[in-house]
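The primary structure of each chain is shown beneath.
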There are 2 protein chains.
Amino acid sequence: MPGMQTIQFNLPQERIPRAWYNVLADLAEPMAPPLHPGTLKPIGPDDLAPLFPIALIQQEVSTEREIEIPEPVRQIYAQWRPSPLFRARRLEKALDTPAKIYYKYEGVSPAGSHKLNTAVAQAYYNKVEGTRRLATETGAGQWGSSLAMACAFFGLECKVYMVRVSYNQKPYRRALMETFGASVTASPSTETGAGRAILAEHPDTNGSLGIAISEAVEVAAKDPETKYALGSVLNHVLLHQTVIGLEAMEQMALAGDEPDVIVGCTGGGSNFAGLVMPYIGQKIKGKCDARVVAVEPTACPSLTKGPFKYDFGDTGHLTPLVKMHTLGSTFIPPGIHAGGLRYHGMAPLVSHVLEMGLIEATSVQQLEAFAAGVQFVRAEGIIPAPEANHAVAGAIKEALAAKEEGKARTILFNLSGHGHFDMQSYIDYQAGKLQNYDYPEEEIAMALAGLPAVE
Amino acid sequence: MPGMQTIQFNLPQERIPRAWYNVLADLAEPMAPPLHPGTLKPIGPDDLAPLFPIALIQQEVSTEREIEIPEPVRQIYAQWRPSPLFRARRLEKALDTPAKIYYKYEGVSPAGSHKLNTAVAQAYYNKVEGTRRLATETGAGQWGSSLAMACAFFGLECKVYMVRVSYNQKPYRRALMETFGASVTASPSTETGAGRAILAEHPDTNGSLGIAISEAVEVAAKDPETKYALGSVLNHVLLHQTVIGLEAMEQMALAGDEPDVIVGCTGGGSNFAGLVMPYIGQKIKGKCDARVVAVEPTACPSLTKGPFKYDFGDTGHLTPLVKMHTLGSTFIPPGIHAGGLRYHGMAPLVSHVLEMGLIEATSVQQLEAFAAGVQFVRAEGIIPAPEANHAVAGAIKEALAAKEEGKARTILFNLSGHGHFDMQSYIDYQAGKLQNYDYPEEEIAMALAGLPAVE
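Because the structure is a prediction, the values reported are computed rather than measured.

1. Some remarks on unusual backbone geometry
At step 1: Going from S187 of chain A to P188 of chain A, the amide bond is cis rather than trans, its omega being 5 degrees.
At step 2: Within the element layout of this structure, P188 of chain A appears in the loop between β8 (183-187) and α9 (193-201).
At step 3: Despite not being glycine, L40 of chain A shows a phi value in the positive range, around 60 degrees.
At step 4: Positionally, L40 of chain A belongs in the loop between β2 (19-21) and α1 (45-48).
At step 5: Among the residues examined, L40 of chain A registers a relative accessible area of 29% and is labelled partly exposed.
At step 6: The backbone of D96 of chain B sits at a positive phi, close to 50 degrees, despite the residue not being glycine.
At step 7: Structurally, D96 of chain B can be placed in the loop between α4 (89-95) and β5 (100-105).
At step 8: Using a relative accessible area of 55% as the deciding quantity, one classes D96 of chain B as exposed.

2. Considering the relation of the copies chain B and chain A
At step 1: The operation relating chain B to chain A is a screw motion whose rotation component is 180 degrees, with 0.0 Å of axial translation and a residual RMSD of 0.0 Å. Here the symmetry operator amounts to a two-fold rotation axis. Scanning chain B for the C-alpha nearest the rotation axis identifies H420 of chain B, at a separation of 3.0 Å.
At step 2: When the interface residues of chain B are mapped onto chain A, 100% of them again fall at the interface, so both copies present the same face.

3. Side note on the confidence of the model for chain A
At step 1: Chain-level statistics for chain A give a pLDDT mean of 95 and a share of 99% at 70 or above.
At step 2: Reported confidence for the predicted complex is 0.94 by ipTM and 0.96 by pTM.

4. Details of the pairing of strand β13 (residues 321-325) of chain A
All names here are of chain A.
At step 1: β13 sits mainly inside the fold: 4 of its 5 residues count as buried.
At step 2: Pairing analysis gives 5 bridges linking strand β12 (residues 308-312) to β13, with the strands arranged antiparallel. Note that in β13 the partner of D311 across the bridge is V322.

5. Looking at helix α19 (residues 441-449) of chain B
Residue and element names in this part refer to chain B.
At step 1: When we look at burial in α19, the residues that qualify are I444, A447 and L448. Projected down its long axis, α19 shows its buried positions confined to an angular sector of 95 degrees, all on one face. Among the exposed residues of α19, those pointing more than 90 degrees away from its buried face are E442, M446 and A449.

6. Quick notes on the interface of chain B and chain A
At step 1: Counting from both sides, the interface comprises 52 residues of chain B and, opposite them, 52 residues of chain A.
At step 2: Carbon and sulfur atoms supply 56% of the area that chain B and chain A bury against each other, a total of about 4500 Å² over both sides.
At step 3: Of all residues in chain B, the largest losses of buried area upon contact with chain A belong to Q79, Y172 and T179 of chain B, amounting jointly to 17% of the total for that side.
At step 4: The tally of links from chain B across to chain A stands at 0 salt bridges.
At step 5: The tally of links from chain B across to chain A stands at 23 residue pairs in polar contact (both at pLDDT 80 or more).
At step 6: Among the secondary structure elements, those contributing two or more residues to the side of chain B that touches chain A are α3 (71-77), α6 (142-154), α8 (171-179), α16 (366-380) and α18 (423-430) of chain B.
At step 7: Per-element accounting of the side of chain B that touches chain A gives the leading share, 6 residues, to α8 of chain B.
At step 8: Residues belonging to the side of chain B that touches chain A are distributed by class as follows: 28 nonpolar, 15 polar and 9 charged.

What counts as what
- Residues numbered from 1 in each chain as written.
- Chains lettered and ligands numbered in written order.
- Predicted model: local features only at pLDDT ≥ 70, side-chain atom pairs only at ≥ 80, totals over all residues.
- Heavy atoms only, no water.
- Helix = DSSP H or I, 4+ residues; strand = E, 2+ residues; numbered from the N terminus.
- Buried < 20%, exposed > 50% of the residue type's maximum accessible area, 1.4 Å probe, protein only.
- Least-squares fit on C-alpha atoms with pLDDT ≥ 70 in both.
- Contact = heavy atoms within 4.5 Å.
- pLDDT = per-residue confidence, 0-100.
- Pairing = 2+ DSSP bridges.
- Arc of directions from axis to C-beta.
- Buried area = accessible area lost by both parts, 1.4 Å probe.
- Salt bridge = Lys/Arg side-chain N within 4 Å of Asp/Glu carboxyl O.
- Polar contact = N/O pair within 3.5 Å; in protein donor to acceptor, adjacent residues only side chain to side chain.
- Nonpolar A, V, L, I, M, F, W, Y, C, P; charged D, E, K, R; others polar.

What follows is the structure, given as structure tokens:
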């Protein structure tokens, strides 16, 4: 096309990956095993069976490199996958940088984010194994909407505990879940023992993902027909997201470029892992020397400030303990608008590759994240979710560093979702109502002091 | 791909059309000319020069078959065009119909609807001809967001008069426009003579597109550096939308199918025209025998109930008169949630092809439209804009008729935009707060009685 610049690098439906990539097959060091919350001994598959279908428990511990994506899952993926890879030429121009900026855009999923990649897989395996209902938590609502949608597709009931601050900030996310037929409750709620315990101690709490997880796990554990579904953190969830990176590698090849820096935002770690794990596999084989950068909110800095320790996945201490970078499972993060990043811990797998020196981590403040988002939307037209703004901020930082150094670096980041249901946060930001948060040192120290002494 | 069904029919960036298709080149009967609002005589280009750049005025009256799309416009189109064509297999299954249902999805544009197709073109031509600022109206906000975005891309200021009922119902649409740097005012406003006149007579009015147009036109007419931009109705706007149908024809060929019925919703007529005009060109040449169906709201039924007469484009009678199906330019439609369809008239070109028997028209009630939307989102995952729900309802009606008749009909419709900014309407619908509206016979009779006696 003479004169026209290619900015969209698309693959046909046939190029949807046929298998997820499991980086555990290629890591030199194994991950520490999850521990039983009662005995503090390593758990076996039976311990997880009340919560998850067997197929997902197997994926959780698998060391096979490639795990085949079932055809019914790929068939649903075909509605938005392969997702587009864009070259952000107008943003490059606005930044006046010699860097090339690419972004993989997961907001094209009908649920608006990458979360649908694993929601469809989880709903599928549950359907196959006879689950009637799925219970889950959601922060900003991206995960809850995705699971609600996937449940509608597979004819499962869906119960969502939505972190209270997001429940109040984002009524339209809730409406979307309800339109799919899901039942949505603000968390903490009086429906569960875990919720009632938190409310007794903190009646005005914002809630948190850790609390909402406790509620959903409790409900699943009590009802044999209900299983639990988690939107991030666990190995099988991160595995399902690797379609992002697998596609991106093909698309970068189409673009004739290779990334020097790969950036993603991290809350639980799944969109980040989805993009970067296939690249980390290449790094391990010496076929890629890109820097890989996780960007988290300063208000909830598990990777940059949290120790690498065994901790519970939830605030109510119903889940197994996993070894991860954590701020302490009783820590309740400040009510930043990036609700999907308000989690006390980081995926054990992401924590593990940080320990192995395969990735680096940084944090940005809320106001910097929104400033980046506004700069991005004015240049590129797509309004990012507040979570994704952290990745945008990270990418812009890299692009400006490249400018400073006069280097033509290639940056690839994951735009994990759009902000169409997060407009109130942009209104508040533009009205000067949002704030930065200091590192909540004291609260975190207290939460960490309560961790069980394992290893 | 053995076993897998193709549901996504995509074209590469190179297949973005190089020219818009102008059906006027192929119509046997010419359209009636626009008339000057003062003299009631046919207008010339000079009469429109205060409002529009020359390039658009030329397109308005052009009878060239192909009008080249400027490269900078195609370059921006490349971010989301060619837009996907989907086969709605899960909806077909839910309806248990032998019909095949395809939809062209314009909600992938970063503004969320087809409106960006013309917004980019209009902003471009204005920029080239030295315009500093664009003034416009918007109903539901799809057009306003699109123009705000296009203005941000080309460095133009943007002033939007947003119909009051939508301004109140859809604060997040407003926030999106403001994030792009546009200035947004509820219409009718006290900023203009037209607005003040309406407020004096109807202080509690919902507003309407006709009123908002008057305000924007007034502002443009008074300031030499401000031009006016219209989101629908005019020939050049409909022309820019023909990329939809041109792509759809290629994509239907990829799918190995030809439509028997083509469906679109109509308010001003632009998304409908965008999809169908290229097909109508084929119909005229005897190369297509599809039925073409326009679906409008019963509350604002210009095509199905309005006479084909000369009328003003706006309520304040500042614009030229055009010959169209109209309910009378002083008619203020009921406050249905499909704000983009609340226009008293229908695009003269769409009205003209209805008169020529090339299309048919039907109407649906608000509750039927939302029921169709909810059925669609549960099957397909995409939540349609309330306007697009009318097209969905029309397509479902055709699919159920095919089932009734036991015929394997192929249906193609335009899903013109998503409903991410319209969730309040879904909340209200599901809470039983929305209503149907009787044909507003008396108000329309009054409005029609006030039309000038031309021809």
